[in-house]
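Listed here are the chains, written in short residue letters.
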Amino acid sequence: MPALIQVENLKKYFPVGGKLLVKQWVKAVDGVSFEIYEGETLGLVGESGCGKSTTARLLLRLEEPTDGKVLFEGKNIYKLRGRELKEFRRKANIVFQDPYTSLDPRMTVFDIIMEPIRVHKIDVGDPEQYVLKLLYEVGLNESHMYRYPHEFSGGQRQRIAIARVLALRPKFIVLDEPTSALDVSVQAQILNLLKDLQKKYNLTYLFISHNLAVVRYMSHRIAVMYLGKIVEIGDAEEIFESPLHPYTRALISLIPVPDPFQARKRKKLMIQGEPPNPINPPPGCRFHPRCPFAKDRCKKEEPKLIEYSKGHYVACWLYS
Amino acid sequence: MPEPIVIVEDLKVYFYTYAGVVRAVDGVSFEIYEGETFCIVGETGCGKSVTSRALTKLIDPPGRIAGGKVLFKDRSGRYINMLELDEETLREMRGKEIAYIFQDPAAALDPLYTIGYHFIETMRDHGTIRSNKEGIERAIELLREVAMPAPEVRVKNYPHELSGGMKQRAVIGIGLSNMPRLLIADEPTSYLDVSVQAQILELLRQLKEKRGLTLLMITHDMGVVAEMCDRVAVLYAGHLAEIGPVDRIFMNPLHPYTQALLRAVPNPTRRMLKLEPIPGNVPNLASPPPGCRFHPRCPYAMDICKRERPKMIEVEERHRVACWLYAKR
């Protein structure tokens, strides 16, 4: 599988308050590198504030990076201008978490789905036929076409948001917590829809979620972020069956399992405290103050991301 | 067998809105035994939060408790009907007998006051302390009990100076400050990260053991149910679908809704190739479907399901279900 997206040493620092002449920076994303292959789903997990949403926004060029580059089909997206940039915006798109705020309440479903097509001046033949086809694609029908967002449930709204993205025939879609605002019974509908569409159109997904069970269900590969860095990346099954980094091991052991017998048997790797402030991240390995296996070296030197087994990378001194 | 601390009988909470009467909780009965962890699980709008708030009549207009009884066993062992008490007595009961922890700890704390002041206010209202000095001392003790790091410092902090996990610890501490016997936790970890969620659940478990509390947990997360609860009630659209011991609910779910719910949730410890979603949507409670409210989404729906509401039937020991599939005819 060729890489559709290559991320190289990507950084994004945001300025914060600070004193006069002494600027302080939140290092939201601090040097991440990875690839996303065509037709796969890369799951991005981590706790709030770890930089996963910023990474996603950088990949779509919704933010300009502090440093580093992102190659999309071999071209650096931060160098794109004019027509090429517009073409990139057509190919790479996003579905947001909250379908209650991402749809304009004053537009009908038809207008919502047609808007990107008008912006990109794409010839789709009969607009009504085109929108109808998209509605069927996401499990809606002609009776929904001229209604307004408030007439729909959360799950249906998310279907509309997906149809709007599909309208542009994209290659790459960022799914930023697409089911977190939905009920469990509806969540499964949307997840299955996304999987079916991926197969049908060979779509590439970056799937962001804090719900690790959902990430496992959706992803081919998984990247784990902690305080702006990727600490582990690899095949989804391997990450869940034999996680390496102590942070990944803890996260996986701490997910509540919907099975009381398993829940009693399972060993938990508790980690203390909460993620520290990204303005002054701890020196050395950023996880060391919470890590049950921290050694002296972890406090001083930062571990590099190394390939532990084929395609499975980890940044931890336990493995070098 | 311990005695029930709460007996809810045929509870009805209706909301009188412009769109019509919303029957948010429509004839729900259950009991909570002393010392157990009881869970109410269900999706948005199933009435789980409304049920928990109705236990101390915390229902604001246009909502109204339209019927039923909530019997609470007081310290002398008598059962009193909470719904017949006057507001002053209820205020005394809230906090001292029954305390709440809500989902969003940031909304539960006043940004203008220090953490210590929140403790003082709560305890002063119930006459638990005599002076502010005593209040601060008690607050530090309580913060230590909920494993707050550096409690002497934190007691002087304002809410914005604490992280999400620490705020929730403070809220739990405040909830415990008047020694309640029943603690109601409404989605206490939904706003928290996985690692912090695990810490808070562990804390609740320890506090329950140490203080001999009864815990009522409201959640939508089947994982949290499996980890925490002794008995479970499954609510669907304002009706009780099923109630029973946690092991039986997961091993032998009786109601088609419970069965479907368990198949729709991904399990993080297994590789799952296909989830089975529940078709359709949760019904609008202003015009709920007649009969069994799950029938439009139920694969086993029969004629009678569309006409008559099923009664609760005990299928195995302590395991009851409201479904026509189990009715003897």
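Our subject is the structure that appears above.
Parameters and conventions
- Residues numbered from 1 in each chain as written.
- Chains lettered and ligands numbered in written order.
- Predicted model: local features only at pLDDT ≥ 70, side-chain atom pairs only at ≥ 80, totals over all residues.
- Pairing = 2+ DSSP bridges.
- Helix = DSSP H or I, 4+ residues; strand = E, 2+ residues; numbered from the N terminus.
- Axes fitted to C-alpha atoms, helices over the stretch in contact; angles between N-to-C directions.
- Contact = placed C-beta atoms within 7 Å.
- Core = buried A, V, L, I, M, F, W, Y, C linked by C-beta atoms within 7 Å.
- Buried ≥ 20, exposed ≤ 12 C-beta atoms within 10 Å, placed from the backbone.
- Nonpolar A, V, L, I, M, F, W, Y, C, P; charged D, E, K, R; others polar.
- Parallel < 35°, antiparallel > 145°, perpendicular 65-115°, else oblique.
- Left-handed = near helix turned anticlockwise from the far one by under 90°.

Caption draft 1: Fine view of the sheet that holds strand β3 (residues 41–45) of chain A. All names here are of chain A. Read across the sheet, 8 strands follow the order β6-β7-β8-β3-β9-β10-β12-β11 without closing on themselves; strand pairing throughout is mixed. The sheet is open, and its two borders are formed by β6 (92–95) and β11 (306–309), each paired with just one other strand. Taken over all neighbouring pairs, the strand axes of this sheet differ in orientation by 25° on average, direction set aside. Each of β3, β7 (172–176), β8 (204–208) and β9 (221–226) touches helix α1 (residues 52–59); the most contacted strand, β8, lies at about 155° to it.

Caption draft 2: Main features of the nonpolar core. The biggest cluster of nonpolar side chains holds 191 residues, and the ones touching the most others in it are L206 of chain A together with V225 and V232 of chain B. With residues near it in sequence (within four places) discarded, L206 of chain A still touches I36, L42, L44, A56, L59, V174 and L175 of chain A.

Caption draft 3: The arrangement of the interface of chain A and chain B in detail. Between chain A and chain B, the contact holds 35 residues from the first and 35 residues from the second. Listing elements by their share of the side of chain A that touches chain B, those giving two or more residues are α6 (184–201), α7 (212–218), α9 (246–254) and α10 (260–265) of chain A. Sorting elements by how many residues they give to the side of chain A that touches chain B places α6 of chain A first, with 7 residues. In the side of chain A that touches chain B, the residues fall into 20 nonpolar, 8 polar and 7 charged.

Caption draft 4: Representation of the sheet that holds strand β1 (residues 4–17) of chain B. Residue and element names in this part refer to chain B. One open sheet holds the 4 strands; their spatial order is β2-β1-β4-β5, and the pairing between them is antiparallel. Lying at the two open borders of the sheet, with one neighbouring strand each, are β2 (20–33) and β5 (79–81). Within this sheet the neighbouring strands show an average axis-to-axis angle of 5°, counted without direction. Sheet topology places strand β4 (residues 63–73) next to β5; 3 bridges connect them, and they run antiparallel.

Caption draft 5: The pairing of β9 of chain A, seen in detail. Residues and elements named next belong to chain A. With 6 of 6 residues buried, β9 lies mostly within the body of the structure. Neither face of β9 is exposed, since R221, A223 and M225 on one face and I222, V224 and Y226 on the opposite face are all buried. In the sheet, β3 pairs with β9 via 4 bridges, with the strands oriented parallel. The residue bridging G43 from the neighbouring strand is I222, located in β9. Two elements, β9 and strand β10 (residues 229–235), share 6 bridges in a ladder whose sense is antiparallel. Bridging across to β10, M225 finds its partner in I230. What sits between β9 and β10 in their antiparallel hairpin is a turn of 2 residues, with L227 showing a positive phi close to 50°.

Caption draft 6: Region of interest: the packing of helix α7 (residues 164–176) of chain B against helix α8 (residues 194–211) of chain B. Residue and element names in this part refer to chain B. The contact between α7 and α8 brings their axes to 10 Å, and the two run at 15°. For the element pair α7 / α8, the angle class is roughly parallel. You can see that α7 and α8 cross each other, and the crossing is right-handed. Along the contact surface, α7 presents G164, G165, Q168, I172 and L176, while α8 presents V196, Q199, I200, L203 and L207. Its residues assigned to classes, the contact of α7 with α8 comprises 6 nonpolar, 4 polar and no charged.

This is a description of form; function is not addressed.
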